[in-house]
Amino acid sequence: MDADSLACLLSGDYARVKEALEKFNKQNSQVFNFTHFTNTGQWVPIWMKLFEYLADPGMPHRVDCLMAIKVLSRDKTYLNDTVTMEQLECLLLLGGIGPPEGCDATEEVRVEALKCLSNMIFQSPKCQEMCLNNTSTEGIIRRVKMYKEAPFGYDIKYFDMKLLFLLTAINCDIRTKVRDQLHGLVYLVETLDLFMSQAATFKEFSDKDVELINEVLKVLFNLTVRNSDNLVPEEEEASQYHRLVTVLHDLFFYRTLNRDKIVSLHSNIVNLLTSVPVSCYGELVSSLHAKHDGSAGECAGTVPFEHKNVYVLHVLVEFMRKNFQKAEKKSDQYEMLSPILTVLIKAVRSDGVHRRFVRSIILPPLRDVRDRPEVGKELRNYLCALLTSTRQIADLSAELLFVLCKENVGRMIKYTGYGNAAGLFANRGLLGGRTGNGGEQYSSDSEDSDTEEYKQIQHAINPVVGCYEPPKPDPLEGMSEEQKEYEAMELVKLMEKLQRQGLIQPCKIGEDGRPVPVDHIMELQEEIPEQQRDHKRKT
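What you are looking at is a predicted structure, and each value in this text was computed from that prediction instead of being measured.

K.L.:
Would you mind showing me how to read the overall build of the protein here?
P.N.:
For the protein, the count of helices and strands is 26 helices and nine strands. When the 539 residues of the protein are sorted by exposure, 46% land in the buried category. Sequence-distant contacts, at least 24 apart, represent 70% of the contacts inside the protein between residues at least 6 apart. Entry remark: accessible area of the protein is about 27700 Å², with carbon and sulfur atoms responsible for 51%.

K.L.:
Where do I start with the environment of Ala113 in this structure?
P.N.:
Along the chain, Ala113 falls in helix H8 (residues 107-123). Considering only alpha carbons, one finds Ala113 and Gly96, 17 residues apart in sequence, at a separation of 8.8 Å. Excluding anything up to four places from it in sequence, Ala113 contacts Leu66, Leu91, Leu94 and Gly95.

K.L.:
Just to check I follow, could you spell out the pattern of salt bridges for this structure?
P.N.:
One side chain can pair with another of opposite charge once the charged atoms of both are near each other. What the rule picks out here adds up to 21 salt bridges. When the shortest N-O distance is used, the salt bridge between Lys18 and Glu22 registers 3.0 Å. In this pair, Lys18 and Glu22 are both assigned in helix H2 (residues 14-28), four residues apart and thus about one turn of the helix distant. For Glu22, a relative accessible area of 41% translates into the label partly exposed.

K.L.:
Got a minute to help me understand the packing of helix H1 (residues 3-10) against H2 in this structure?
P.N.:
The packing of two helices is summarised by the inter-axis angle and the distance between the axes. Look at H1 against H2: their axes get within 7 Å of each other, and the N-to-C directions meet at 125 degrees. When the interaxial angle is binned, H1 and H2 end up oblique. The crossing of H1 and H2 is left-handed. Contacts between H1 and H2 involve Ser5, Ala7, Cys8 and Leu9 from the former and Arg16, Val17, Ala20, Leu21 and Lys23 from the latter.

K.L.:
It is not clear to me how a nonpolar patch on the surface should be interpreted in this structure. Could you clarify?
P.N.:
The grouping of Val44, Met48 and Tyr78 at the surface amounts to a nonpolar patch, some 220 Å² of accessible area in total. One can find Met48 in helix H4 (residues 43-54).

K.L.:
When you look at unusual backbone geometry in this model, what are you seeing that I'm missing?
P.N.:
Peptide bonds are trans in most cases, and residues, glycine excluded, mostly fall at negative phi. One non-glycine residue, Lys406, lies in positive phi territory at about 60 degrees. For Lys406, the location among the structural elements is in the loop between helix H21 (391-404) and helix H22 (409-416). Backbone geometry at Glu407 places phi at a positive 55 degrees, although glycine is not the residue there. Along the chain, Glu407 falls in the loop between H21 and H22.

K.L.:
Any chance you could explain helix H15 (residues 235-251) here in plain terms?
P.N.:
For an α-helix, 3.6 residues make a turn, and residues three or four places apart therefore share a direction. If you check H15, its first and last C-alpha atoms are 25 Å apart, about what 17 residues at 1.5 Å a residue would give, namely 24 Å. Restricting attention to buried positions, one finds in H15 the residues Glu237, Ala238, Tyr241, Leu244, Val245, Val247, Leu248, His249 and Leu251. Elements that come into contact with the buried residues of H15 comprise helix H13 (184-197), strand E1 (204-205), helix H14 (207-224), helix H16 (259-273), strand E3 (286-287) and helix H17 (311-326).

K.L.:
Explanation requested: the confidence of the model for the protein in the structure shown.
P.N.:
Detailed reading of the predicted coordinates is not advisable wherever pLDDT is low. Overall, the predicted model of the protein reaches an average pLDDT of 85, with 90% of residues at or above 70. This model gives residues 290-299 a pLDDT under 50, and the stretch forms eight contacts once residues within four places in sequence are excluded.

K.L.:
Just checking my understanding: could you explain the sheet that holds strand E4 (residues 304-305) for this structure?
P.N.:
Working definition: the strands of a sheet are paired by backbone hydrogen bonds and lie parallel or antiparallel to each other. A sheet is described by the order of its strands in space; here three strands give the open sequence E3-E5-E4, paired in antiparallel fashion. Because the sheet does not close on itself, it has two edges, and the strands there are E3 and E4. In terms of strand pairing, E4 meets strand E5 (residues 308-309) through two bridges, oriented antiparallel. Directly across from Phe305, in E5, lies its bridge partner Lys308.

K.L.:
I'm lost on the side chain of Thr224 in this one. Help?
P.N.:
Along the polypeptide, Thr224 turns up in helix H14. From its side chain, Thr224 meets the backbone oxygen of Leu220 in a polar contact 2.9 Å long. Polar side-chain contacts of Thr224 include one of 2.7 Å to the side chain of Ser275. The residues contacting Thr224, other than those within four sequence positions of it, are Leu185, Tyr241, Leu272 and Ser275.

K.L.:
Help me out: how do you make sense of the packing of aromatic side chains in this one?
P.N.:
Each aromatic ring pair is described using two quantities: the centre-to-centre distance and the angle formed by the ring planes. In this structure the tally under the stated criterion is 14 aromatic pairs. A cation over a ring is seen here: Arg143 above Phe152, with NZ or CZ 5.8 Å from the ring centre. Positioned over the ring face of Tyr147 is Lys157, at 6.0 Å from the centre of the ring.

K.L.:
What is the right way to look at the nonpolar core in this model?
P.N.:
Generally speaking, nonpolar side chains in soluble globular proteins are found buried as a group. Within the largest apolar cluster, 153 residues are counted, with the highest numbers of intra-cluster contacts made by Leu316, Met320, Ile362, Leu400 and Phe425. Among the elements that make up this core, the one with the highest residue count is H17 (nine residues). Once residues within four sequence positions are removed from consideration, Phe425 is found in contact with Phe402, Val409, Met412, Ile413, Tyr418, Leu430, Leu431 and Gly513.

K.L.:
Sorry, what's going on with the packing of H15 against H16 here?
P.N.:
For the pair H15 and H16, the least separation of the axes is 11 Å and the interaxial angle reads 160 degrees. Compared by their axis directions, H15 and H16 come out roughly antiparallel. In terms of crossing hand, the pair formed by H15 and H16 is left-handed. Where H15 approaches H16, its residues Leu244, Leu248 and Leu251 are matched on the opposing element by Ile269, Leu272 and Leu273.

K.L.:
I'm lost on the environment of Gly153 in this one. Help?
P.N.:
By the element assignment, Gly153 lies in the loop between helix H10 (136-144) and helix H11 (154-170). Classification of Gly153 as buried rests on a relative accessible area of 19%. Between the C-alpha atom of Gly153 and that of Val111, which follows or precedes it by 42 residues, the distance is 9.7 Å.

K.L.:
Would you take a moment to explain the environment of Thr40 for this structure?
P.N.:
Within the secondary structure layout, Thr40 lies in the loop between helix H3 (35-38) and H4. In this structure the side chain of Thr40 is engaged in a polar contact, spanning 2.8 Å, whose partner is the backbone oxygen of His36.

K.L.:
How should I be thinking about the state of the cysteines in this particular structure?
P.N.:
Each disulfide consists of a covalent bond between the sulfur atoms of two cysteine residues. Taken as a whole, this structure holds zero disulfides when the rule is applied. We note that Cys384 lacks a disulfide partner, and the nearest cysteine sulfur, in Cys405, lies 8.9 Å from it.

Rules used throughout
Residues numbered from 1 in each chain as written. Predicted model: local features only at pLDDT ≥ 70, side-chain atom pairs only at ≥ 80, totals over all residues. Heavy atoms only, no water. Helix = DSSP H or I, 4+ residues; strand = E, 2+ residues; numbered from the N terminus. Buried < 20%, exposed > 50% of the residue type's maximum accessible area, 1.4 Å probe, protein only. Contact = heavy atoms within 4.5 Å. Areas by Shrake-Rupley, 256 points an atom, 1.4 Å probe, with all protein chains shown as cover. Salt bridge = Lys/Arg side-chain N within 4 Å of Asp/Glu carboxyl O. Axes fitted to C-alpha atoms, helices over the stretch in contact; angles between N-to-C directions. Parallel < 35°, antiparallel > 145°, perpendicular 65-115°, else oblique. Left-handed = near helix turned anticlockwise from the far one by under 90°. Patch = residues over 30% accessible without salt bridge, like charges linked within 9 Å, V, L, I, M, F, W, Y side chains within 5 Å. Expected span 1.5 Å × (residues − 1). pLDDT = per-residue confidence, 0-100. Pairing = 2+ DSSP bridges. Polar contact = N/O pair within 3.5 Å; in protein donor to acceptor, adjacent residues only side chain to side chain. Phe/Tyr/Trp six-rings, centres within 6.5 Å; stacked < 30°, edge-to-face > 60°. Lys NZ or Arg CZ within 6 Å of the ring centre and 35° of its normal. Core = buried A, V, L, I, M, F, W, Y, C linked by side-chain atoms within 4.5 Å. Disulfide = S-S within 2.5 Å.

Structure representation (structure tokens):
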């Protein structure tokens, strides 16, 4: 900033200050690197003077002043050392989330003050710490409770949620305070319900509606993220989660003309569902309306299955399908697929109807098995391809498929091939072929209905690769017993050499169903009689 402009800005003459502020804001509206202010020592005096102006009740240019603070707060070089509690309290007051008596500021002033607070809290650990002991969270929740009665504009509500998201994302103590002391979960679910009711006539959202709801969903995720699959919520908390999932269920039935907006909405709902206890997932499926004729056809917002409307599950499965198509790079897979895989795992574990519907889409009766399970464009193919991906995403894919197979080893091999599923079997001690530990929770009735196409070539399916293999000539045909023994010993020598070089580690199946390393390759011979007996019992 040149000397004349700086002098005008610091002069205290509000007529000259107005011109200097407008010039400053125009020149720096898109600037995010302020080394030209920090290196010249101008940043601190400008910052201090702006707050001095705000403290003056007669200051006529509050919006311009706040816009300049918003611009300067993009740089954190001196922010942590310079900001004071008084400055933060001034912004809270102007933003309408200070002491309950508040101040008579215009909506434009309140919005700019909230923007300043968002920048400062994002950039400064000192500001984050201050917010644990000031009125910021109480003020936002207090205003949230007034949304139904008071006509707050979109910008106020949007930046309320932006600020609350930052506070609960950055500081765990603030998150706990909002959730447990201020009952934020209750009030934010009510807020979602309110926003939905305002668009209830046509069940159609505008772009701004979706943006606002997305911000609420992000805050709710922060408040619920502590939950895990194994946590059973207390009675009061459980009722809150059931109410939350009921509202999320209804959200899926709203439309918007902007396809990108609806995708972002579904993405945020999925993220939130990852932290919802499994016991509440029953709310995702509703009863069919009495007037529905029960046909298999799909009408708007209705997908009938076993006398239930599983439309939400249908949307979730299609969401996964679209994310498979988007996640072309392996680096994108975990971020794009782990939330929806987690949600579907919870859904299919929660109820038999959920599992059977999702299974009917992902693992329909096999017909064409001439290609490997991981080859193709169907959901089964995509999931099988993930089984040999990075550990985290492979584990999620394997668990979803295993639950859809009722944790039955034989069924899993049928749909994925033994080679693809070997990692899951090894981790769970199932290499011996027994059913998973959760197998007893499923009904005993079989859901397998082999197609005629499958039965015709079943005898020629290689269980290791999971697909049909045409008959091959016997490589040992025409050999004498001595030649066969010689080739077998050559193979043993080769494997022993690879073992000594550390390239392979031969294993046998232990009593716990997990692989156990052997010291010498010949130990594998001890397993042959037992394997033969097992084979005879199964056949």
